[in-house]
Each structure stands twice: as C-alpha cells, then as structure tokens.
Amino acid sequence: MSQGSKRSSTIDQSVADTLGQLSASEEGLSSSEAAQRMAKHGPNEIAEKSRSRIVALLSYFWGPIPGMIEAAAIVSAAIQHWDDLAIIALLLAVNAAVGFWEENKANNEIELLKKRLAPRATALRDGRWADLPARDLVPGDIVRLRLGNIVPADVKLVGGDYVLADESALTGESLPVEKHRSDVAYSSSIVRQGEMDAVVTATGMHTFFGKTAKLVEEARTQSHFQRAVVKIGDYLIVLAAVLVTITSLVELFRGQSPPTLLQFGLVLTVAAIPAALPAVLSISMAVGAEGLAKKDAIVSKLVAIEEMAGVDVLCADKTGTITKNELTVGEVKTLGGHTEEEVLSSAALASREEDKDPIDAAIIARSREASTGSEVGFGVISFTPFDPVSKRTEALVASPEGKRLQVSKGAPQAVLSLAGSDAAVAGEVNDTVERFAERGYRALGVARTDPQGKWCYLGLIAIYDPPREDSAKTIASAESMGIDVKMVTGDHRAIAGEVASLVGLGTNIESASSVVGLPDSQAEEAVEKADGFAEVFPEDKYRIVDLLQKKGHIVCMTGDGVNDAPALKKADVGIAVSGSTDAARSAAAVVLTSPGLSVIVDAVSESRKIFQRMTNYAIYRINETIRVLLFVTLAILVFQFYPVTALMIVLLALLNDLPVMTIAYDNVRYSPKPERWNMRTLLSVATFLGTLGVIETFGMLYIGLDVLHLNHDVLQSFIYLKLSVAGHLALLMARTKGHFWSIRPAKPLLLAVILTQLAATLITVYGILLPAMGWELAGIVWAYAIVCFFIIDLLKVRFYGLLDHEGVIFHR
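The text that follows walks through the structure, step by step, so that each part is easy to find. Computed from a predicted model, the values in this text were never measured in an experiment.

Quick look at the overall build of the protein chain now. The helix and strand inventory of the protein chain stands at 30 helices and 21 strands. Within the protein chain, the proportion of its 812 residues that are buried is 54%. Accessible surface, the protein chain as shown: approximately 34000 Å² in total, 57% of it carbon and sulfur.

In structure tokens, the structure reads:
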C-alpha cells in the first residue's frame, strides 16, 4: 500500500461521515471524479474575463451620456455629411480607446498581483499526496494543513490533534483560533500552529469567502462623476432642443425646406454635444492614475479618482490597516518583588521561536529588544508546547551552572493554579488582568520554580496589536483635509478604544450591534457621531457605509480582509491596503502595494487636483456651447442667415476640443476641503461667461457687417476665426477663480492654445477649406478678442465674488 493510502487509512471515521453524500473513497478522489466535480463547481474564468472586458469596452463607447453623441453621427449619415460623421466617430473612438486602455492596464496589474499570491494545496488524489492549485480542489478532496499553509477551501478537520488558525483576514480578530476534530476551518485563514488532515466541504462561491463575495456583487453605487456628467449633458441637450425647436418653427414659417432645417439641426447638435467631454475627463483621471501608480497605488476603477476628491468620511479597518497585524508586548507587570528582566527572560525560555507562534515571537522579540541576556547560556532540556487543556507552555531548562528549573507562561488563571493560591497574589493578578482588558490587552501569566522546586508567580505580560508607525500622522493629515476618520473593527470595544487613543482618534467607540439595529433615522445619526465601531460583522460594515451615504457623505473604506470586501465595494472609494486578500483587491477601486496609509493622503490631494481640472473643462465646455449655440440661433432668427457653416463647426470641434485634452496636465491648486460637484455654481459661471461671449460675438458681427461691410462668405470666415480664438481664450479664463494669470497654465496647454489658433488663423487667412480673408482682418479679430478677454476676465472675478457672498461657491 502507498504511503498516502496508509496515511488516509488512519484518519478518523469522521472522514467517511463527512464525505457522506460527497462519495469520496479512503484513497481520496480519483482524477476523473475530480474532473467531473470541477466541471460542476469550477467557473469558466477565461470566458468570464472575456465577457467582462467586452462589457467594459462597450461601456466606454456608450458612456455616461448615452445616445447623445451617437445621435449626431446618425443625423450626419442621414444627410450624407460624411466629414461630420468621420469627426464624431473619431471623437467617440478616442474616448473609448483611452478609457478602456487605462482601466484595462490597471486591471492587468491586479491580475499579476493575484497570480503572485495564488494559493496551492496538498491534496490526496488517486491514493497519492499531490501539490495542486487551490482552484482545482472540489468537495470531497482530502487535504493536509500544515504550519504556514493558507486554508485552500472550507474544510472539516478530521485527523490530527489541533491547529491554530489565523482568521484575521476573515473576522478581523488578531489572535489565532484553536481548531480541533470536527471543527470547520475557513478558506483563506492561515495555519499558525499544528498539523491536521481535513475534508473539503465547500469551494468557490459556496465558501464563507464566496458568500462574502456574493454580498460584494450586490453592492452597487453610481459614481458622483457619472451623475455630474449626465447633468451637464442634459443641460446642454435641453438647451439645444429648445433653441432648435424655436428656430425650426420660425424657419418653417419663413418657408425654409425640411432638408435645410435638418442641416441646421445638425450644426446645432454638433455645437451643443460635448463630444470630447468623456474623453477629456477620462484622460484627466488616467493621468492621475499613472501618477498614483508611481506612489504604489494601483487604480482599478478610474472614477474612484474623482470620487476620492469628495471623500469626507474615511472608514478605516483596524487590524492590518491602522495596526500592524503583529502581536507585540505592551506592558510588563511584576509581582512579588521580581524584576521585569526576570519576567521577560522566563517568558522567552518558555517560548520556542521555530514554532512561529505569534505570541512566542512577540515575547522573544521584546526580550531581545530589552537586551536582558538573562536567558543566555540556558539550555532547554524539554519543551511542552501550548496545550488547549492546560492553556500554557512549559520548559525544563538548565542554567550555565547546571542547575535545573522550570518556566511556564500562559493564561493567567492557569499559571495562578500552578503557582499556588495565595490570596494577595490572586487578587493582584485578577486586578491586573481586568486593567489590561480595559485597555484591550491580552494578559499572559509567567512563573518559574525556585531552587526547592516551588512555583513562583513572576508577573504578567500584556500582548496587543500595535498601530503602524505612520497611522497617527496619516490620520492627522486626513483630518486636516476635512476628512472624518472612523475606525471599524471586529475586535472588542476596549481594544478599539485603546488603539483609537494611540493614533489620535476620538474615543466614542460604539459596538456595531448597538447602532446598526436601530431604525434608519436613529442609526444614521449614531453612525455619523461615532468615532469608530467595534465587534463588527461583514454585513455591519456594509450597513455602516450605507447609512453614511444616506446622510450625504462620500465614504472611503480601507481594508485588507475578506470581511472588508462588501463594504469596499459599497463605498464610494474602496481602498485595499498592502497584503490584502484577493476578495478585498477585487472589490476595491484602489489597491495599495506598499505598507501604510500615507499614500491615501497623497491620493486625496492628487484627486482634488484632478477634480479642479475636470471642473475647469466642464465650465469651459458649457460656456463654449452657449457661446456658439445661442449666437448661431439668434443670428438666424434676427439676421436670417447662417453665420458659420457646418464645416466650420466641425473645425471648431477639432481645433478646440481635441487639443483641450491637455488640460489634464494643467497646473491647479487643490482645495483644503472635500470637493463636490456644485451644479448651481458650475452652470451659473458657465452660463454667465457664455452669455458675455454671445454679446462679444455680436459685437464682432456688427463690425463685420456695418463697419467693414464684408461679403457673406468672408464674413463667415471672419466670425469663425473670432469663435475659435475667443474659445481658447475663454479656456484660460475658465481654469481659475481669480484672474487668468493667478495660476500659470502648464506648458502643454499653452502650447496647444498657440498651435491650434495659429492653425485656425492660417486657414482663414489663406483660404484653406474656407474663404480667404487676409492678415488685416485676422489682426482685427485677434485684437478685438484679446481686449474682450481682459474685460470678461475682470467681470468673471466680480461674479465669483457675488457667488462667494451668496455662499454657493465651490472650492477652486
């Protein structure tokens, strides 16, 4: 019989009971049985990934303003304006390609991270132990769990003595949990001590991990960015519809033919639709994503960059996020006149480093830091590891002089029963344990024998999970930027309160059960006022985020475990910190690849800069639409002629919108407070500037008609150049709240303005595609546009002052 068969034959009868309906033999599953179950339980990952990428690509083509840009393309094709159709199609393609490429690149980075951390398992197949990818396991497989293994699936323990399982990634608890025969070990937990055999009972979506992932799928939020873009698009389209309807009725009354009206509708549609808006905003976010990647933050969802600019509540998971997820010694309490050196050295002798027990590692590390050296030269004769019954470790050691003594550490009461029942000592031990518990510490008792072999209680050691070195600084920085930081943890309130005090958070820590069970109105108030939450389950975190969002907050959630995934997905910005589980990384919008939270502050400041750039462009684009659309409409109604041709509108779109994408690299100042899309202010400023632009253009039309007496064709070129030059000068105005020179434009933006307007000037001067008008008329246009530019910029500053006085301004 093979070694694997001999091993499996010794497994407890509970294997057969557990397998039951799974129909597994003593020799494990056969390859064919495993294949059949894989076909039943395993998802087709390749097809799923392909479908998701196709959907992502289509989403970029049909974007956040569904049907508007495509409608213009259809009208162009209907009246056979192929040039217009080509330009609109090009703008759509640029938007789709840039957005899809950037987000797909970020997704590929996450895929690489997943592959590097993909778990494996030792399973019994065809009577032999084989090393398999964890994804190949099926219910009924017999697996072996050893020290350091990641549990590959939900399993029932059936053979061996015990294991200590670290379930911090699942529950948020720092300390490992004892597991014995018939207990269940959950997928993604880590074996910290012991060795056992187990039967796989659930894989994939049927595991605890998978059920949490299912909850993640149910979490859906609509981006504030998407809502803002839809509002901007709706505003422009409604404006276009009203003007087109009015003008069409007037023109029909005047006897114009339907084809002419259709042509007019096309001109206004192309002028009104912000064709480059999604592309410019996508590029702005993509540029920011690349900058964050250099700071070890991978952005997997581009809209998260805009959302992060408005975050005003940060829900930070404690274990592994605010804290190190590493146990350390917090305090040493001596008893009976013994010294701290005696307590630490004895505790270190009662520990074994090679077992990789987190408590032993913490004590040994503290002993070395203290440099007591008392245990140097002692030889360990025998060592008894932690036993769930005795609840302590014990070692027989020999001093350098050859004297033998025993040392022990473990549960305070277990050590107390070992060291006698002195009432004074017992009272001091109990008081110390209670004091440690109030601070969230776990107490360990330490004892050793004297020369007569009598046990003496030396003292107690407090063990806790300390905060990261940068946590307090990061939290202070976040609060200085207007972000309310709330700690969320599955640990006890005492532990949460102690950690909160160490990192500078408020101490109003509520238990989740006392808050989330309240009616929504009361729960929302309680959640908003709390500084943190303890004893939290995954569904509680999800509800906490939901309640904060209902109160109007933009919520950022950080975490690293499976239990954090639903809340990461539900949050406006989910951030998976370094070392996160696959579930957390998949649910998060941002994945940190280096330890600590300091990069979050950098991400927030970068996001607020990007928000400023997007706001600047939105103001410019709305202003430009009003300036062109309203002027063309009024010119047709009042003067009964088209001031520009359809080709001129297309050239405006090319020379104004595409180079304007360099605004993604512009210099801006970010706000010290969270940013929000204030549509009232944005539309007010854009409409104000657009209206002044219409008045300015009619002044130019007056000069061309009544002063210069230009013919119709030259007048159209005259007006076209004015619209083009004034359009980019308006961009320089829209990018600042103060005077246009208050923030120097970036070189790419300034160069784009110069080159495109030089091109527009040459087209009209030499008659390339348009009627020629010469340098003299071009000089008049430039002089007029620059003078008006300075005047309108002064009026803009005054208008912002009025909005500030009214209290409706956004931070810019």
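Applying the stated criterion across every chain, the model contains 10 aromatic pairs. For the ring pair Phe436 and Tyr441, a centre distance of 6.1 Å and an interplane angle of 65 degrees mean the geometry is edge-to-face. Relative accessible area serves as the criterion here: at 9%, Tyr441 is assigned to the buried category. For the ring pair Tyr766 and Trp775, a centre distance of 6.1 Å and an interplane angle of 85 degrees mean the geometry is edge-to-face.

Turning next to the sheet that holds strand E13 (residues 404–410). Strand order in this open sheet of six strands is E10-E15-E14-E13-E12-E11, and the pairing throughout is antiparallel. Each edge of the sheet is formed by a strand with only one pairing partner; in this case those strands are strand E10 (328–334) and strand E11 (379–384). On average, adjacent strands in this sheet sit at an angle of 25 degrees to one another, irrespective of strand direction. Its contacts with the sheet place helix H14 (residues 340–349) against E10, E11, strand E12 (392–398), E13, strand E14 (442–449) and strand E15 (455–464), and it is angled at close to 85 degrees to E15. Of the strands in this sheet, E10, E13, E14 and E15 touch helix H15 (residues 358–370), which is tilted by about 70 degrees from E10.

Quick look at the nonpolar core now. Grouped burial of nonpolar side chains is what soluble globular proteins tend to show. Judged by nonpolar contacts, the single largest core of 111 residues is most densely connected at Val590 and Tyr720. By residue number, the principal contributor to this core is helix H25 (residues 598–639), which donates 18 residues. Residues within four places of Tyr720 in sequence aside, it is in contact with Val644, Met648, Leu651, Leu652, Leu655, Ala760, Thr764 and Leu770. By size, the runner-up hydrophobic cluster in this structure holds 27 residues, among which are Ala512, Val527, Ala565 and Ala571.

Our focus in this paragraph is the pairing of E15. Of all 10 residues that make up E15, nine are buried, and the element is covered over most of its length. Judged from the six bridges that link them, E10 and E15 form a sheet pairing that is antiparallel. Following the sheet pairing, Thr328 is matched in E15 by Tyr464. As paired strands, E14 and E15 are joined by eight bridges and run antiparallel to one another. Note that in E15 the partner of Ala443 across the bridge is Ala462. Between E14 and the antiparallel strand that follows it, E15, lie five residues; Gly453 among them carries a positive phi value of about 85 degrees.

We now examine the sheet that holds strand E16 (residues 484–488). Strand order in the open sheet formed by eight strands is E8-E21-E20-E19-E9-E16-E18-E17, and the pairing between neighbours is mixed. Strand pairing shows two members of the sheet lacking a second neighbour, strand E8 (297–299) and strand E17 (509–511), which therefore form its edges. Ignoring which end each strand starts from, the neighbouring axes of this sheet average 20 degrees apart. As paired elements, strand E19 (residues 555–559) and strand E20 (residues 573–576) share four bridges and run parallel to each other. Across the sheet, residue Cys556 finds its bridge partner in E20, namely Val573. Sitting on the sheet, helix H19 (residues 493–503) touches E16, E17 and strand E18 (532–534), and the angle it makes with E17 is about 160 degrees.

So, on to the layout of surface pockets. Roughly 440 Å³ of internal volume is contained in the second largest pocket. Lining the second largest pocket are 21 residues, with Asn325, Glu326, Leu327, Pro358 and Ala361 sitting closest to its centre. For the lining of the second largest pocket, the secondary-structure elements that each account for two or more residues are strand E7 (190–202), E10 and H15. The leading source of residues in the lining of the second largest pocket is H15, at six residues. Each residue belonging to the lining of the second largest pocket can be placed in one class, and the counts come to 10 nonpolar, four polar and seven charged.

This paragraph deals with empty space enclosed by the protein. Per the counting criterion, the structure on display carries four cavities of 30 Å³ or more. Around the second largest cavity sit 13 residues that line it, and Glu696, Ala726, Ala730, Met733 and Ile792 are the ones nearest its centre. Mapped onto the lining of the second largest cavity, the elements with two or more residues apiece are H25, helix H27 (679–707), helix H28 (712–734) and helix H30 (774–806).

Moving on, we get to the environment of Ser300. Among the secondary structure elements, Ser300 is positioned in the loop between E8 and helix H12 (303–309). Taking the C-alpha atoms as reference points, Ser300 and Ala289, 11 residues apart in sequence, are found 8.7 Å from one another.

Throughout the structure, instances matching the rule amount to zero disulfides. In this structure Cys315 is a free cysteine whose sulfur lies 8.3 Å from that of Cys556, the closest cysteine sulfur available. For Cys315, a relative accessible area of 1% translates into the label buried. Taking relative accessible area as the criterion, Cys556 reaches 3% and is therefore assigned buried.

Helix length check: H25, at 42 residues, gives a terminal C-alpha distance of 61 Å against a target of 62 Å (1.5 Å per residue), a fit within 8%. Within H25, 34 of the 42 residues are buried, leaving the element largely enclosed by the surrounding structure. Backbone geometry just after H25 places Gln640 at a positive phi near 60 degrees.

Cut-offs used in this document
Residues numbered from 1 in each chain as written. Predicted model: local features only at pLDDT ≥ 70, side-chain atom pairs only at ≥ 80, totals over all residues. Heavy atoms only, no water. Helix = DSSP H or I, 4+ residues; strand = E, 2+ residues; numbered from the N terminus. Buried < 20%, exposed > 50% of the residue type's maximum accessible area, 1.4 Å probe, protein only. Areas by Shrake-Rupley, 256 points an atom, 1.4 Å probe, with all protein chains shown as cover. Phe/Tyr/Trp six-rings, centres within 6.5 Å; stacked < 30°, edge-to-face > 60°. Pairing = 2+ DSSP bridges. Axes fitted to C-alpha atoms, helices over the stretch in contact; angles between N-to-C directions. Contact = heavy atoms within 4.5 Å. Core = buried A, V, L, I, M, F, W, Y, C linked by side-chain atoms within 4.5 Å. 1 Å grid on protein atoms, 1.4 Å probe; cavity = no way out; pocket = protein on both sides within 12 Å on 5 of 7 lines; lining within 4 Å. Points joined across faces, edges and corners; volume = space filled by probe spheres on them. Nonpolar A, V, L, I, M, F, W, Y, C, P; charged D, E, K, R; others polar. Disulfide = S-S within 2.5 Å. Expected span 1.5 Å × (residues − 1).

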